[in-house]
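# Examination of the molecular architecture
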Amino acid sequence: MIRCERVTKVFNRGRPNEVVAVRDVTLEIASGEVAVLRGPSGSGKTTLLTLIACAARPTSGRVFVLGKEVSRLPESFLTRFRREHIGIIFQQFNLIPGLTVLENVTAPLVPTSTPPKEAEERALRLLERLNLAHRRSFRVRELSGGEMQRVAIARALINNPEIVIADEPTAHLDTSLAAEFLEIVRSLREEGRTVVIATHDPLVYEHRLVDVIFDMRDGSLVGVER
Amino acid sequence: MILNFWVLSQILGLVVVVLLGLYAALQGVRILLRWQPGSASEEQLELEKRSYLVSTLVQYALAFQVLSLLLFVVTADYLASFISGAMCAFGSLNSNDYGFRALWVKVAAIFAYSSWLMVNHIDSRAEDYPLVRPKYALLLLLLPLLLADIYLEVRFYTSIKADVITSCCGSALRSLENPYGFVAMSFPGEVAMALFFLTFTAALAALFLHLRTSRYALFSGFAALSAFLSSLLAMFTFLSPYFNVVLFGLPTQHRCPFEVLRQPLVGYPLYALLFAGGVSGLLVALAEFLKKKPSLRESAAQLQRSLARLSLLSLGGFLAVSVAFMLIFYAMVGTLFYH
Amino acid sequence: MSLRKHLNILDYAARFMLRRKGKNLATLLVFTLVVFMLASVVMMMGSLKKEAEETLALAPDITVQKIVAGRQGLVPLSYAARIEEIRGVSRVEPRVWGYYYDAVEDATYTILGVESLPFAVVEGSPPGEGEVAVGYAIAEKKRIRPGDRIILRDYRGNYVKFTVAGVFSSSSSLQSADIIAMPRATAREFFGIPPEVANDLAVYVANPAELTNIAYKISLALPDARVLTRAQIRETYDAIFGWRSGIFLASIIGALLAFAILVWDRASGLSAEEKREIGILKALGWSTGDVLEMRTYEGVLLALNSYLLGIILAYLHVYQLGAPLLKPVLLGWSTLYPSFELMPALSVEDLLLIFMVSVVPFLAAVVVPSWRASTVDPDEAMRGI
């Protein structure tokens, strides 16, 4: 499903500000699992997530996603692969402020041949499922934190991805909203999707939903808990 | 030497195209030298991004080149009023050695840029980018064409002497000093006509068969290109008078291929059809070669079909319009053959 | 590859721009102004050229004047006979004409002695003995209609009454604007020109190719004649057009300067917020090519809108308002052209030309900045950079 083989990611290689963000990581996540990358900030969780999410290529090592080696793909194909198979929930939600909720959710479908009508219908179905249909024409800045996150989730699901990736999803949420988020993760899992979460929130990694935890420290994988 | 707003803006446009081309070539050299297939290095990523820039630049160059070809003819037409003896674009292009050469280089450039863009388009649809090196080597080959274009055009404008009497149109028949015009104009009309209908029949039939059987691609491309060339010959010999008589009531000796542009609603679509048909026909043949690479086969075949369809429709359209004008001519004059 | 995808991106580009009205409006205004300036000058030049060409078309192939002591004098009709003997000359016409100052209107008219009127009569009939026909501009100004009387002062200072037989018009406004036509004999009497001379001779040639040759023969046969060919008159026009090119050159430089500012604005003007949005789009699955396409559409939309707006404004400015902004700059022209009624003369070629010097350099200049803006890495948005 997702397999990393001796993956290393170096930023600014050969320059004084060189950083080894991920060092020699090998891991495997099976299909339908909920996996957690656990570690303090700066431990390389997010960088590893970008590699799994096909948003970047490793400096060395190989990454396989859905049986395809993505670590050597040219940028355009990597992008297309990400667009078709992966949904990303960002740490800061990364919603586009000037757009409405509906426009934010459909943004990933713009560079595809999806007709606007169909894109909107799909977005509305997702918003209904997340109890946000009544907010569809609100601007992002008019939303509460929990609503923003649900918009981000709807956007991550618009392409019906096999893999959902979330980076510190509960960082800006209170306990009850975090619980709500975990409920959504449960439903995603029930639909057979693989979920990968980077977090240091015990509420998340201690939840019984989680199948596997990878402990990260200084860019290296230091332990696996199943 | 002639310098006015038309000439200046034409040169300005060309300078823009040359700058785009030079910049694209520079990027191309960089990609050519440093490209490492399968590498995940930051430099490779940078080069991949640059390849987008190059293809965009060449697309722009192509679009501007089409515009520049149009403006070149229009400018030549305008300049005719400053050159004694020249009555239209034909006369001014014929007034020195560079006019028609510049025109042909521009026409060739459109074919060359389109070919490169197609190779690029097909290549970028395969994950292994199999043609990166040949593609950017070819890009460098476009550069001389671009430089020849601006050189010839500038020479054309600087060599114009307003007082030289040029042979325009009808009188070029008698002139021995204007080889480019002369060759085309003195070409027997009957032969040109036979060639015209022969190549068009061949091209349309081959393209139709190609769409049916997906064979004969090379022949289709060759035939479509021949049809394009024979149409140009036709416009210099027997075909243009039909348009000129019907549209403007000019005498049949006036065999000027540019006159029809003075009626933009007929002229521009007419030449657009011809170029679309010729270029896409050539690309049908070119796609056949790309199909030989396993990773390109599918997308090349797909594009080949659309191109063949486009070529068939455009050439068919050009033929239909030409025949329609011949028939109107017949209705007006009472004969089809005026020779 | 489908068209749908490109339409989606185009739609997004349009909304992307509309969300940044302030910034884009400024660019739009500057660009529109550039197009407006260029188009105004091109349209005006087109009109004047059209006028000049129509005037030239009516001019004879060769005009022969007699020079007496370095000044223009009256040509004896015997010259006409000698010119007619030259092989290749098809017709020689002695012309009688002159200027007439109308103190009431403070205007100068051209009085033309003609056997047959070279203009289309719109009202009434061609003038007979003791009658005149006037151009519609004079008719309008003096509020006269066929059948009315017009009083003109002849060379002896006597007031002469003429009946206005007709009003004529020509496709070129400057010709019909200030001409009073009357039969040649009437004109002779009015100006006091003796019957054995004329103002000048209009010579028509059968074969245009022999024109230069014939003009040369005339000047050999008549040493005191000044022989003007149509080509020479055209050269005079060319000189004026050449001077106009200077103005164009200046306006091009102005346009380029404005472009430099525009481009600088667009290149450096990518705000943090725009950059963030592009980063998010990249992370959401837009490729570099998709973002570049969107940025390209932005440029194209901006350029085309400014182009259309500029053309429309220039059209209104030149043809509806009579180019009030350009007139003072180009006042010198009015000595050549007494009337300033501009004929609409806008061709596809002019539109192409304006496109070439405005839209093309703009698009070419923004391509690299657009590309640069589209190369944000998708993981930057994820890593919160």
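Residues numbered from 1 in each chain as written. Chains lettered and ligands numbered in written order. Predicted model: local features only at pLDDT ≥ 70, side-chain atom pairs only at ≥ 80, totals over all residues. Heavy atoms only, no water.

A few words on the overall build of chain C. Assigned secondary structure in chain C consists of twelve helices and 13 strands. Of all 385 residues assigned to chain C, the portion counted as buried reaches 51%. In the form shown here, chain C has an accessible surface area of approximately 17500 Å², with 60% of it arising from carbon and sulfur atoms. (Helix = DSSP H or I, 4+ residues; strand = E, 2+ residues; numbered from the N terminus. Buried < 20%, exposed > 50% of the residue type's maximum accessible area, 1.4 Å probe, protein only. Areas by Shrake-Rupley, 256 points an atom, 1.4 Å probe, with all protein chains shown as cover.)

For chain C, the average pLDDT comes to 79, and 83% of its residues sit at 70 or higher. Contacts for the low-pLDDT stretch residues 331-340 of chain C, under 50 throughout, to residues beyond four places or in other chains number 18 contacts. (pLDDT = per-residue confidence, 0-100. Contact = heavy atoms within 4.5 Å.)

Turning our eyes to something else, we now look at the interface of chain C and chain A. Between chain C and chain A, the residue contacts involve 25 residues of the former and 32 residues of the latter. Three residues stand out in chain C for area buried against chain A, namely C:Leu284, C:Met382 and C:Arg383, and they jointly supply 26% of the buried area on that side. In this assembly, chain C and chain A are joined by two salt bridges. The partner of A:Glu103 in a salt bridge is C:Arg15, with the nearest N and O atoms 2.6 Å apart. The interface formed by chain C and chain A includes eleven residue pairs in polar contact (both at pLDDT 80 or more). Broken down by secondary-structure element, the contributors of at least two residues to the side of chain C that touches chain A are helix H1 (3-18), helix H9 (272-283), helix H10 (288-320) and helix H12 (378-382) of chain C. The class makeup of the residues in the side of chain C that touches chain A is ten nonpolar, five polar and ten charged. (Buried area = accessible area lost by both parts, 1.4 Å probe. Salt bridge = Lys/Arg side-chain N within 4 Å of Asp/Glu carboxyl O. Polar contact = N/O pair within 3.5 Å; in protein donor to acceptor, adjacent residues only side chain to side chain. Nonpolar A, V, L, I, M, F, W, Y, C, P; charged D, E, K, R; others polar.)

Moving on, we come to the pattern of salt bridges. Residues and elements named next belong to chain C. Taken as a whole, this structure holds 39 salt bridges over all chains when the rule is applied. Asp224 is the partner of Lys66 in a salt bridge, and the nearest nitrogen-oxygen pair spans 3.0 Å. Pair noted here: Lys66 is in strand S1 (residues 62-68) and Asp224 is in the loop between helix H7 (211-221) and strand S13 (225-229), with a separation of 158 residues, a long-range link. Classification of Lys66 as buried rests on a relative accessible area of 17%. A salt bridge links Asp200 to Arg95, with the shortest nitrogen-to-oxygen separation between them at 3.0 Å. Of this pair, Asp200 sits in strand S12 (residues 200-205) while Arg95 sits in strand S4 (residues 89-102), placing them 105 residues apart in sequence. Linked by salt bridges that have partners in common, Arg19, Arg20, Glu273, Glu274 and Glu277 make up one network.

On to the pairing of S12(C). All names here are of chain C. Along S12, five of the six residues are buried, which leaves the element largely enclosed by surrounding structure. Here three bridges tie S1 to S12, and the two strands are oriented antiparallel to one another. Considered in S12, the bridge of Thr63 is made with Ala202. In the sheet, S4 pairs with S12 via six bridges, with the strands oriented antiparallel. Bridge pairing links Val89 to Val205 in S12. (Pairing = 2+ DSSP bridges.)

This brings us to the nonpolar core. Among the nonpolar cores identified, the biggest contains 213 residues, and A:Leu48, A:Ile86, B:Phe64, B:Phe238, B:Leu239, B:Phe258 and C:Tyr12 are the most heavily contacted of them. For this core, the element with the most residues is helix H2 (residues 42-79) of chain B, which contributes 19 residues. Non-local contacts of C:Tyr12, meaning those with residues more than four positions away in its chain, are made with A:Ile96, A:Leu99, A:Val110, C:Arg19, C:Glu277, C:Leu281, C:Trp286 and C:Met294. By size, the runner-up hydrophobic cluster in this structure holds 39 residues, among which are A:Val105, A:Leu130, A:Tyr205 and A:Ile213. (Core = buried A, V, L, I, M, F, W, Y, C linked by side-chain atoms within 4.5 Å.)

Residue and element names in this part refer to chain A. Ordered in space as S2-S1-S4-S5, the four strands form an open sheet in which the pairing is antiparallel. Lying at the two open borders of the sheet, with one neighbouring strand each, are strand S2 (19-29) and strand S5 (68-69). With five bridges connecting them, strand S1 (residues 2-11) and strand S4 (residues 60-65) associate as antiparallel partners. Within S4, the position partnered with Arg3 by the bridge is Phe64. Most of the contacts of helix H1 (residues 45-52) go to S1, to which it runs at about 120°, and overall it touches S1, S2 and S4. (Axes fitted to C-alpha atoms, helices over the stretch in contact; angles between N-to-C directions.)

What follows concerns the side chain of A:Thr8. Residues and elements named next belong to chain A. Of note, Thr8 is situated in strand S1. Judged by its relative accessible area of 15%, Thr8 falls in the buried class. A distance of 3.0 Å separates the side chain of Thr8 from the backbone nitrogen of Asp24, its partner in a polar contact. In this structure, Thr8 is in contact with Val20, Val22, Arg23, Asp24, Pro58, Thr59 and Ser60, ignoring residues within four places of it in sequence.

Moving on, we come to the pairing of S1(C). The two faces of the sheet receive side chains in turn, since in a regular strand these alternate between them. Residue and element names in this part refer to chain C. A large share of S1 lies buried, amounting to five of its seven residues. Summarising the sheet, S1 and S13 pair through five bridges and their orientation is antiparallel. Across the sheet, the residue bridging to Thr63 is Leu228, located in S13. Taken together, the three bridges between S1 and strand S2 (residues 71-73) define a ladder with antiparallel strand orientation. Bridged to Ile67 within S2 is Gln72.

The subject of this paragraph is the sheet that holds strand S10 (residues 220-225) of chain A. All names here are of chain A. Judged by pairing direction, the sheet is mixed, and its six strands sit side by side in the order S6-S7-S8-S3-S9-S10 without closing on themselves. One side of each edge strand has no neighbouring strand; the edge strands of this open sheet are strand S6 (86-89) and S10. Strand-to-strand twist of the sheet, defined as the mean angle between neighbouring strand axes without regard to direction, takes the value 20°. Relative to strand S8 (residues 194-199), strand S7 (residues 163-167) is paired through five bridges, and the arrangement is parallel. In the strand pairing of S8, Ile165 is matched with Val196. Across the sheet, helix H2 (residues 75-85) lies against S6 and S7, angled at about 80° from S6, the strand it touches most.

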